[in-house]
Amino acid sequence: MLDPLIVKAISIGLGLMVLIAAYHKLANGAAFRVTLLEYQLLPQWLVAPAAKFIPVIEILLGSSWLLSFYSQPMTAIGSAALLGIYALAIGINLYRGRVHFDCGCSFGGKDENEQFLSGGLVARNVLLIGAALITLIPGSNRAFGFGDYATLMGALVAATFLFAATNQLISNRATINTWRKR
Amino acid sequence: MTEAIVVSNVILWVVVIVLALVVLALARQVGVLHERVAPAGALMPTNGPKVGELTESLSMPDINGKTVTIGGPNPDKLNTLVMFISPTCPVCKSLVPTAKSLANTERNRLQLMFASDGDKLEQHQAYAKDLKLEQFPYVLSEKLGMGYEVSKLPFAVLIGSDGTLQSKGLVNTREHLESLIEAMDTGIATLQDYVGLAQQKFDNSVKEKAS
């Protein structure tokens, strides 16, 4: 049995992450279109509509994680599918050897802070998919006390920092990989 | 008892969050360092022999009396990295181990030699012993330094196995030394040449589209 606190923490964490991602895609619409184009997976006429459509999906999923207006399993599977598509898109371009464009997956959305594609990003997405799918395990039900909310806060803050640090390290590694080897 | 657990939990959470923050800050700093330390190559002087020219073959005794040939086609098909150093140059002392390590990783196609000038043979012998240079040829020759117009130390010259000058420059770091080998591998002597090539390619493609 899974404690509901774990489900709650994952829900809020993933929900906020997806919402922030959607916000950045909408705020830098042009940049996101370029990113989609760079992935070279969609026919050109589909890129502009997809650039509008993907953030909408993310907003739906994110708010559903937070407010649970769709059923939990549907949200979890939907998010896992979306993250899986992203991982696949990165994987295909890694296979093609096209890695030197911004992956469109760095948060903070700073223009100078572009993150190249790497296997680390695929691994990161697989981990996130794992987190989303954990919530499918049937859980027990119990009322939350003050201590639970404190734990929730602590876990979310720590997870945010660690997620940012992971992204930074993945990006550092991609930079180091552009150096001379041997 | 419960109180103790609550207190310990609060403290642990604080520690976990601070640690996570420290990890993030460290990762960020490493990232900033990467951005700041942009790749830089060896400083190449414009005087002296040009890259691509055939070098003059010079034979001379090294500090142990063995005859060494520098320049000209190499019979063992090895590229030669000649590093000009001096006992009075502090940067040389720190760069010599770097050069040795680089020569070791490239040992199947590169031989490393050291060159200096002056007449105090004993001083150079002690210097070579101090830096553990016994396995590398170390020559004292004013003519060699003059030939390549070495004006500042540490200076490195990379001669290809066919005897042509591949690259040269003032070297202060491993990156500078690597840039010499990189220049040989790519056949592009300087960053300026590279930018020029890219510009030319761009111009050509524009012309093609226009016509």
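Owing to the predicted nature of the structure, the values given are computational and were not obtained by experimental measurement.

(A) A look at the state of the cysteines. Residue and element names in this part refer to chain B. For the structure shown, the criterion picks out one disulfide over all chains. Across the disulfide from Cys89 sits Cys92; the S-S distance is 2.1 Å. An S-S torsion of about 95° defines the bridge between Cys89 and Cys92 as right-handed. On the basis of relative accessible area, Cys92 is assigned to the buried category, the value being 0%.

(B) Region of the structure containing the packing of helix α1 (residues 4–27) of chain A against helix α6 (residues 146–176) of chain A. All names here are of chain A. Direction vectors running N to C along α1 and α6 enclose 40°, while the axes themselves pass 10 Å from each other. In terms of orientation, α1 lies oblique with respect to α6. Along this stretch, α1 crosses α6, giving a crossing that reads as right-handed. Contacts from Leu5, Lys8, Ala9, Ile12, Gly13 and Met17 of α1 reach α6 at Asp148, Thr151, Leu152, Leu156 and Phe163.

(C) Main features of unusual backbone geometry. Despite not being glycine, A:Gln40 shows a phi value in the positive range, around 50°. Here A:Gln40 shows up in the loop between α2 (29–39) and α3 (44–67). Notably, B:Lys132 is not glycine yet its phi reads approximately 55°, a positive angle. Structurally, B:Lys132 is set in the loop between α3 (121–130) and β5 (138–140).

(D) Structural detail: the confidence of the model for chain A. Residues and elements named next belong to chain A. Averaged over every residue, the pLDDT of chain A is 84; residues scoring 70 or more account for 92%. When mean pLDDT is compared element by element in chain A, helix α5 (residues 119–134) scores highest at 91, while α2 scores lowest at 84. Low pLDDT, under 50, characterises residues 108–112; the predicted model gives this stretch three contacts beyond four residues in sequence or across chains.

(E) Fine view of the interface of chain B and chain A. Counting residues at the interface gives 18 residues for chain B, matched by 17 residues for chain A. A buried area of about 1600 Å², summed over both sides, lies between chain B and chain A, and 65% of it is on carbon and sulfur atoms. Taken together, chain B and chain A are joined by zero salt bridges. Our count for the chain B to chain A interface comes out at two residue pairs in polar contact (both at pLDDT 80 or more). Listed by contribution, the elements that provide at least two residues to the side of chain B that touches chain A are α1 (2–36) and α5 (174–186) of chain B. Per-element tally for the side of chain B that touches chain A: the top contributor is α1(B), with twelve residues. Here the residues of the side of chain B that touches chain A are counted per class, giving ten nonpolar, two polar and six charged.

(F) Expanded view of the sheet that holds strand β4 (residues 110–116) of chain B. All names here are of chain B. Within the open sheet, the five strands sit side by side as β5-β4-β3-β6-β7. Their pairing is mixed. Since the sheet does not close on itself, it has two edges, and those belong to β5 and β7 (165–170), each with one partner. Across this sheet, the average inter-strand angle for adjacent strands is 20°, counted without regard to direction. As judged from the three bridges shared by β4 and β5, these two strands associate in the parallel manner. Counted as the bridge partner of Ser116 is Leu140 from β5. Seen against the sheet, helix α2 (residues 90–105) touches β3 (79–84) and β4 and runs at an angle of roughly 155° to β4.

(G) How the structure looks around the packing of aromatic side chains. All names here are of chain A. For the structure shown, the criterion picks out three aromatic pairs over all chains. Plain terms: the ring middles of Phe144 and Tyr149 are 5.8 Å apart, the flat faces sit at 90° to each other, and that makes the pair edge-to-face. Under the relative-accessibility criterion, Phe144 is labelled partly exposed at 23%.

(H) How the structure looks around the side chain of A:Ser63. Residue and element names in this part refer to chain A. Looking at the secondary structure, you find Ser63 in helix α3. Its relative accessible area of 16% is what places Ser63 among the buried residues. Only 2.5 Å separates the side chain of Ser63 from the backbone oxygen of Ile59, close enough to count as a polar contact. Here Ser63 is in contact with Leu19, Ser68 and Phe69, once residues within four sequence places are set aside.

(I) Just the side chain of A:Asn172, in detail. Among the secondary structure elements, A:Asn172 is positioned in helix α6. If we skip the residues at most four places from it in the chain, A:Asn172 touches B:Ala27, B:Val30, B:Gly31 and B:His34.

(J) Just the pairing of β3(B), in detail. Residues and elements named next belong to chain B. In terms of burial, β3 is a largely internal element, six of the six residues being buried. Pairing of β3 with β4 involves six bridges; the strand directions are parallel. Each residue of the ladder has a partner; that of Phe84, found in β4, is Ala115. As for the winding sense of the linkage, the β-α-β connection from β3 through α2 to β4 is right-handed. Summarising the sheet, β3 and strand β6 (residues 155–159) pair through five bridges and their orientation is antiparallel. In the strand pairing of β6, Leu81 is matched with Leu158.

(K) Quick peek at the pattern of salt bridges. In the structure shown here, the tally under the stated rule is eight salt bridges over all chains. Here the salt bridges do not stand alone but share partners, grouping A:Asp3, A:Arg142 and A:Asp148 into one network.

(L) Here's a closer look at a nonpolar patch on the surface. Residue and element names in this part refer to chain A. Taken together, the side chains of Leu16, Ile20, Val56, Leu60, Leu66, Leu67, Phe69, Tyr70 and Met74 define a hydrophobic patch exposed on the protein surface, amounting to about 830 Å² of accessible area. Considering each element in turn, the nonpolar patch owes the most residues, four residues, to α3. Along the chain, Leu66 falls in helix α3.

The rules we used
- Residues numbered from 1 in each chain as written.
- Chains lettered and ligands numbered in written order.
- Predicted model: local features only at pLDDT ≥ 70, side-chain atom pairs only at ≥ 80, totals over all residues.
- Heavy atoms only, no water.
- Disulfide = S-S within 2.5 Å.
- Buried < 20%, exposed > 50% of the residue type's maximum accessible area, 1.4 Å probe, protein only.
- Axes fitted to C-alpha atoms, helices over the stretch in contact; angles between N-to-C directions.
- Helix = DSSP H or I, 4+ residues; strand = E, 2+ residues; numbered from the N terminus.
- Parallel < 35°, antiparallel > 145°, perpendicular 65-115°, else oblique.
- Left-handed = near helix turned anticlockwise from the far one by under 90°.
- Contact = heavy atoms within 4.5 Å.
- pLDDT = per-residue confidence, 0-100.
- Buried area = accessible area lost by both parts, 1.4 Å probe.
- Salt bridge = Lys/Arg side-chain N within 4 Å of Asp/Glu carboxyl O.
- Polar contact = N/O pair within 3.5 Å; in protein donor to acceptor, adjacent residues only side chain to side chain.
- Nonpolar A, V, L, I, M, F, W, Y, C, P; charged D, E, K, R; others polar.
- Pairing = 2+ DSSP bridges.
- Phe/Tyr/Trp six-rings, centres within 6.5 Å; stacked < 30°, edge-to-face > 60°.
- Right-handed = clockwise from strand over helix to strand, strands pointing away.
- Patch = residues over 30% accessible without salt bridge, like charges linked within 9 Å, V, L, I, M, F, W, Y side chains within 5 Å.
- Areas by Shrake-Rupley, 256 points an atom, 1.4 Å probe, with all protein chains shown as cover.

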